[in-house]
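If you want the building blocks of each chain, they are given just below.
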Amino acid sequence: MSAPKFDPLALRYGAHVSAVWSEINEARASAQTGLGPRRAAALHQQMCDLREQIGKIRNLERAGGRFPRQEVDDWFAPVLTCLTRAADHFAARHAAHPVSLTMDRQAATSGATTG
């Protein structure tokens, strides 16, 4: 039996990435109960913010040069992919809601005329 592989990225970021997975799971559970346009927009923004945060961490590790670039990319890929898909899903849910489309149009129109 071989010894478990030492994963320095997991030691450094595992707790944070685990917390992000928990937030993704909470967003999924929220989506199961039905979403209004504001909640869908809030979840979309949350997923985008988390994706940006994890992307910055990945880029710092890439720049640090302690690990091969592909290893860093492979380690962060599952959570980044899931966050991208979740953000796209919530954006589509927000855009598909008739009230949100009306609110977005009104905001765009009022913003253009008040400038």
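As a reminder, the structure under discussion sits directly above these lines.
Residues numbered from 1 in each chain as written. Predicted model: local features only at pLDDT ≥ 70, side-chain atom pairs only at ≥ 80, totals over all residues. Heavy atoms only, no water.

1. Section: the nonpolar core
And then number 1: In this structure, Met47, Ile54, Phe76, Leu83 and Phe90 are the most contacted members of the largest nonpolar core, which totals 25 residues.
And then number 2: When residues of this core are traced back to their parent elements, those giving at least two are α1 (8–32), α2 (37–64) and α3 (69–96).
And then number 3: Take this core: its biggest share by element is nine residues, from α3.
And then number 4: Non-local contacts of phenylalanine 90, meaning those with residues more than four positions away in its chain, are made with Ala27, Ala31, Leu35, Ala40, Leu43, His44 and Met47. (Core = buried A, V, L, I, M, F, W, Y, C linked by side-chain atoms within 4.5 Å. Buried < 20%, exposed > 50% of the residue type's maximum accessible area, 1.4 Å probe, protein only. Helix = DSSP H or I, 4+ residues; strand = E, 2+ residues; numbered from the N terminus. Contact = heavy atoms within 4.5 Å.)

2. Remarks on the side chain of glutamate 61
And then number 1: Relative to the helices and strands, glutamate 61 resides in helix α2.
And then number 2: For glutamate 61, a relative accessible area of 0% translates into the label buried.
And then number 3: Looking at glutamate 61, its side chain comes within polar contact range of the side chain of arginine 66, at 3.0 Å.
And then number 4: Beyond its immediate chain neighbours, meaning those up to four positions away, glutamate 61 contacts Leu9, Arg12, Tyr13, Arg66, Phe67, Val72 and Phe76. (Polar contact = N/O pair within 3.5 Å; in protein donor to acceptor, adjacent residues only side chain to side chain.)

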